[in-house]
Amino acid sequence: MRALTLATLGLAAGPAAALTPLPPACAYSGDTAEGRGIVFVATHANRFVSYITTDDTDREWFYLEHCPTGQTLRARSAPRTASLGNTRHPENVRQVMFNALDAREGYTMGDIQGLLRAEGVATKRTTARAESCACHENFPDAVGAKTPYKKDTK
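Residues numbered from 1 in each chain as written. Predicted model: local features only at pLDDT ≥ 70, side-chain atom pairs only at ≥ 80, totals over all residues. Heavy atoms only, no water.

Take the overall build of the chain next. Looking only at helices and strands, the chain features 4 helices and 8 strands. Written out in order from the N terminus, the α and β elements of the chain read β-α-β-β-β-β-β-α-β-α-β-α. With 154 residues in all, the chain has 43% of them scored as buried. In the chain, the proportion of contacts linking residues at least 24 apart, taken out of those at least 6 apart, comes to 51%. Per element, the accessible surface of the chain, about 7,800 Å² overall, is 53% carbon and sulfur. (Helix = DSSP H or I, 4+ residues; strand = E, 2+ residues; numbered from the N terminus. Buried < 20%, exposed > 50% of the residue type's maximum accessible area, 1.4 Å probe, protein only. Contact = heavy atoms within 4.5 Å. Areas by Shrake-Rupley, 256 points an atom, 1.4 Å probe, with all protein chains shown as cover.)

Here it is in structure tokens:
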């Protein structure tokens, strides 16, 4: 098993389990990530959350965020109109990401980024300066030095 680090994900609960009960209020509520509406939120062990947004070109943007530190991995799929054989199709990106999150062996954020990049998926690592809706709803005591969450206004 890989050595445990701050970003190690010893994750057991799958995305389906995380959606029972209803997802946090930020999913489908008008809250956004980088200007795109949040359509899915799941929680994971060690204070990680994942969420998905969509854009005007029908791509899905996947986020994995460590709430206490704000470390975030972002991945972008091909449009949903792409062939299912395309490794960057949203279903395939979702499968790679959630298979790693559901694995018995812990994966670091870097490991998951490597798995996605091996499939040709564009990824980026950042550190959030503001608390996300998903972290606020699921781990409100993990705001740390980030600016506290504020509901998006339109």
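This is not the end of the story, as more comes after the structure.
Following the criterion strictly, the structure yields 1 disulfide and no others. Covalently, Cys67 is tied to Cys135 through a disulfide, its sulfur atoms 2.0 Å apart. Its S-S torsion of about -85 degrees marks the bond between Cys67 and Cys135 as left-handed, since a negative value means left-handed. Residue Cys67 is located in the loop between β5 (60–66) and β6 (71–76), and its partner Cys135 is located in helix α4 (residues 133–138); the two are separated by 68 residues in the primary sequence. (Disulfide = S-S within 2.5 Å.)

A few words now on the sheet that holds strand β8 (residues 122–127). Here 6 strands make up an open sheet; going across it, the order is β2-β3-β4-β5-β6-β8 and the pairing antiparallel. Since the sheet does not close on itself, it has two edges, and those belong to β2 (32–33) and β8, each with one partner. In this fold helix α2 (residues 90–102) packs onto β3 (36–44), β4 (48–54) and β5, with an angle of close to 15 degrees to the strand it touches most, β5. (Pairing = 2+ DSSP bridges. Axes fitted to C-alpha atoms, helices over the stretch in contact; angles between N-to-C directions.)

What follows is about the nonpolar core. Soluble globular proteins: nonpolar side chains tend toward being buried together. In terms of nonpolar packing, the biggest core is built from 19 residues, with Phe62, Leu64, Leu73, Leu101, Ile112 and Leu116 touching the most fellow members. At the level of secondary structure, the elements contributing two or more residues to this core comprise β3, β4, β5, β6, α2 and α3 (109–118). A total of 5 residues in this core trace back to one element, the largest contributor, which is α2. (Core = buried A, V, L, I, M, F, W, Y, C linked by side-chain atoms within 4.5 Å.)

Further remarks concern α3. For α3, the set of buried residues is Met109, Ile112, Gln113 and Leu116. Taken end-on, α3 shows its buried residues confined to a sector of 100 degrees, consistent with a single buried face. Remark: Gly120 follows α3 within two positions and exhibits a positive phi of approximately 85 degrees. (Arc of directions from axis to C-beta.)

Here we take up the packing of α2 against α3. Contact pair α2 / α3: the axes reach a minimum separation of 10 Å and the direction vectors enclose 150 degrees. Comparing their axes, α3 and α2 come out roughly antiparallel. Like other packed secondary-structure pairs, α2 and α3 cross with a definite hand, here right-handed. Contacts between α2 and α3 pair Val93, Val96, Ala100 and Leu101 from the former with Ile112, Leu115 and Leu116 from the latter. Its residues assigned to classes, the contact of α2 with α3 shows 7 nonpolar, no polar and no charged. (Parallel < 35°, antiparallel > 145°, perpendicular 65-115°, else oblique. Left-handed = near helix turned anticlockwise from the far one by under 90°. Nonpolar A, V, L, I, M, F, W, Y, C, P; charged D, E, K, R; others polar.)

This part is about the confidence of the model for the chain. A residue-level look at the chain finds 80% of positions with pLDDT of 70 or above and a mean pLDDT of 82. Every residue in residues 1–14 scores below 50 in pLDDT, and together they form 41 contacts with partners more than four places removed in sequence or on other chains. (pLDDT = per-residue confidence, 0-100.)

On to α2, then. In this model, α2 (13 residues) spans 18 Å end to end at C-alpha, consistent with the 18 Å of a helix rising 1.5 Å per residue. Along α2, the residues classified as buried are Pro90, Asn92, Val93, Met97, Phe98, Ala100 and Leu101. (Expected span 1.5 Å × (residues − 1).)

Bringing the packing of aromatic side chains into the picture now. The tally for this structure, following the rule as stated, stands at 2 aromatic pairs. Taking the centre distance of 5.8 Å and the plane angle of 75 degrees together, the rings of Phe40 and Phe98 count as edge-to-face. Of the two residues, Phe40 is situated in strand β3 and Phe98 in helix α2; the sequence distance between them amounts to 58 residues. The burial state of Phe40 is the same as that of Phe98; both residues are buried. Taking 4.9 Å as the distance between ring centres and 10 degrees as the angle between the ring planes, the aromatic pair formed by Tyr51 and Tyr63 counts as stacked. Taken together, the residues Tyr51 in strand β4 and Tyr63 in strand β5 connect sequence positions 12 residues apart. The two residues Tyr51 and Tyr63 agree in class, both being buried. Its guanidinium or amino end placed over the ring of Trp61, Arg36 lies 3.7 Å from that ring's centre, counting from NZ or CZ. (Phe/Tyr/Trp six-rings, centres within 6.5 Å; stacked < 30°, edge-to-face > 60°. Lys NZ or Arg CZ within 6 Å of the ring centre and 35° of its normal.)

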